[in-house]
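Observations on chain architecture
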Amino acid sequence: MEFIDLRTQQERLQPNIRERLDNVLAHGQFISGPEVGELEICLARFTGAGHAVSCANGTDAITLALRALGIGPDDTVIVPSFTFCATAEAVCLAGAIPYFADVEADSFNLCPESLECAIHAARSEGHSLKAVIAVDLFGRPCDYDRIEPIVRSENLYLICDAAQALGARYRGRNVGTFGDITTTSFFPAKPLGCYGDGGAIFTNDEEMAALLRSLRVHGQGADKYDNVRIGTNSRLDTIQAAILLEKLTIFPEEIERRNAVARRYAALAGDGLGIPEIPEDMISVWAQYTLRTPKRDALMASLRSAQIPSVIYYRKALHRQTAYAHFPRSPNGLPISEQLESEVMSLPMHPYLTETEQARIADVLHAAMAA
Ligand SMILES: *Cc1c(COP(=O)(O)O)cnc(C)c1O
């Protein structure tokens, strides 16, 4: 059994992907080829965002977003502590300071109360606070109906790190249309992944999109050798765009399948397993299916003996990691982020997980709970 099965999808799409790759080999425009522009149009249509700008990876996507918003040295950006390290790393790469806030226990996402506390504390501590990065962790959108008004009323920018959540929805809105800028990643194991590194940035602001397009190619101006600002090299390869174009055609169906898998887990689990619950008006893309249970270590050991893979995302909150321990944090502490470290475990999740496999996983979990 695979934790994330990429092979079944590849077999399904192989003839079409090969055809797309053959086209790229034939035209030979490996950088900024026609597939890149075509993908950006498809991604904008898919999310409903005004503009999609592709780039080299999800970490660059956040760094480019920060730079496009004019955030740099001496500025401070609030980030949740319970996330993949790249969220805070991108802030540091832009030259700014990450300020940690806590998450909610049931959603794993930025906690509005902790966010408010962090905003007021950062300001009273003299930080030049500029933005908030909300992470749609494990494929589930944040509670934007609560987060957006807080960020707006405090005159801050909102960046949505949707590296795990492209295709998700909340109250009739698609991920990609919240906040000022949304970023995503096409790392192979993300819900929409390519066969290497890739990323994209979404915004409704045309000027912002133009600025992002300039920043990703060495700050280019009117033509290639006109450099109007310091940029970087962060383009999406044409070959990756070609692969994503093909994968995007089945992505809506794969999101349905992921939700069917999640529903089956919920039906099989019964009480006591700490399964994730999604509100009625939300669609997750289930980048991970993450349980929260005090019996985590025993359950994982049983799964391991049954040769069923399970993984801990995340073993250590960022404010407790060596590289990030010295950065500031909410004075109320980050108790939920710290508690989750010892309680979370993620089960196999991908669109092609079978009922038989899920029944086997549930049997092992039930036996371990009863022991
Ligand atoms: C994967 C991920 C990133 C970084 O994406 P890369 O493409 O690997 O650089 C950023 N934030 C979160 C929450 C992620 O899961």
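For the structure, check the block above.
Predicted, not measured: the structure shown is a model, and the values here were computed from it. (Residues numbered from 1 in each chain as written. Predicted model: local features only at pLDDT ≥ 70, side-chain atom pairs only at ≥ 80, totals over all residues. Heavy atoms only, no water.)

1. Description of the environment of Met 208
Quick note on the threshold: Every helix listed is a DSSP run of H or I at least four residues long, and every strand listed is a run of E at least two residues long, numbered separately from the N terminus. Think of it in three bands: residues with accessible area under 20% of the maximum for their type are buried, residues over 50% are exposed, and the middle band is partly exposed, with areas taken using a 1.4 Å probe on protein chains only. Here, two residues are considered to be in contact whenever any of their heavy atoms come within 4.5 Å of each other.
Tracing the backbone through its elements, the reader meets Met 208 in helix α7 (residues 206-215). Taking relative accessible area as the criterion, Met 208 reaches 14% and is therefore assigned buried. Along the chain, Met 208 and Arg 140 lie 68 residues apart, while their C-alpha atoms are 26 Å from each other. Those residues within four positions of Met 208 in sequence are excluded, and the remaining contacts are Ala 68, Leu 69, Ile 181 and Thr 203.

2. Section: the environment of Leu 248
Looking at the element boundaries, Leu 248 is found in helix α8 (residues 238-269). The class of Leu 248 is buried, set by a relative accessible area of 9%. The spacing of Leu 248 and Thr 183 is 65 residues in sequence and 17 Å in space, taken between C-alpha atoms. Those residues in contact with Leu 248 that lie beyond four places of it in its chain are Leu 39, Cys 42, Leu 43, Phe 46 and Leu 192.

3. Quick word on the site of the ligand
Applied cut-off: In these notes, residues near a molecule or strand are those with any non-hydrogen atom within 4 Å of it. Within 3.5 Å is the distance limit for a polar contact, defined as a pair of N or O atoms, with the added protein rule that one can donate a hydrogen and the other accept it, and that residues adjacent in sequence qualify only through two side-chain atoms. Calculation of accessible area relied on Shrake-Rupley with a 1.4 Å probe; when residues are assessed, cover is drawn exclusively from the protein chains displayed. Under this grouping Gly is polar, as are all residues other than the nonpolar Ala, Val, Leu, Ile, Met, Phe, Trp, Tyr, Cys and Pro and the charged Asp, Glu, Lys and Arg.
The full set close to the ligand counts 14 residues, and Gly 58, Thr 59, Gln 164, Ser 185 and Lys 190 are the nearest of them. Take Asp 161: an N or O atom from its side chain is 2.8 Å from a nitrogen atom of the ligand. Take Gln 164: an N or O atom from its side chain is 2.7 Å from an oxygen atom of the ligand. Within the complex, the protein chains bury 92% of what would otherwise be the 380 Å² of accessible surface of the ligand. Mapped by element, the contributors of at least two residues to the shell around the ligand are α3 (58-68) and α4 (86-93). Here the residues of the shell around the ligand sort into 4 nonpolar, 8 polar and 2 charged.

4. Notes on the pattern of salt bridges
The condition is simple: Whenever Lys or Arg places a side-chain nitrogen within 4 Å of a carboxyl oxygen from Asp or Glu, that contact is recorded as a salt bridge.
Scanning all chains against the criterion turns up 15 salt bridges. Its salt-bridge partner being Glu 40, residue Arg 213 comes within 2.8 Å of it at the nearest N-O pair. With Arg 213 in helix α7 and Glu 40 in helix α2 (residues 34-47), this pair connects stretches of sequence that are 173 residues apart. With a shortest N-O distance of 2.6 Å, Arg 123 and Glu 154 are connected by a salt bridge. Of the two residues, Arg 123 sits in helix α5 (residues 112-124) while Glu 154 sits in the loop between α6 (144-153) and β5 (157-161), which places them 31 residues apart along the sequence. Judged by relative accessible area, Arg 123 falls into the partly exposed class, the value being 35%. One salt-bridge network, held together by shared partners, links Arg 12, Glu 253 and Arg 257.

5. A short note on the sheet that holds strand β9 (residues 199-203)
The test is simple: In short, DSSP must find at least two bridges between two strands for them to pair. A fitted line through C-alpha atoms represents every axis, and for helices the fit uses only the stretch in contact; the resulting angles, taken between N-to-C directions, go from 0 to 180 degrees.
Strands sit in the order β1-β9-β8-β5-β4-β2-β3 across an open sheet of 7 strands; the sheet is mixed. The open sheet has two edge strands, β1 (51-55) and β3 (97-101), and neither has a second partner. Ignoring which end each strand starts from, the neighbouring axes of this sheet average 25° apart. Two strands pair when backbone bridges link them, and strand β2 (residues 75-80) and strand β4 (residues 128-135) are joined in this way by 4 bridges, in the parallel orientation. The partner of Ile 78 across the bridge, within β4, is Val 132. Packing of α3 onto the sheet brings it into contact with β1, β2, β4, β5, β8 (181-185) and β9, and relative to β8 it is tilted by some 160°. Contacts between α6 and the sheet are confined to β4 and β5, with β5 contributing the most and set at about 145° to the helix.

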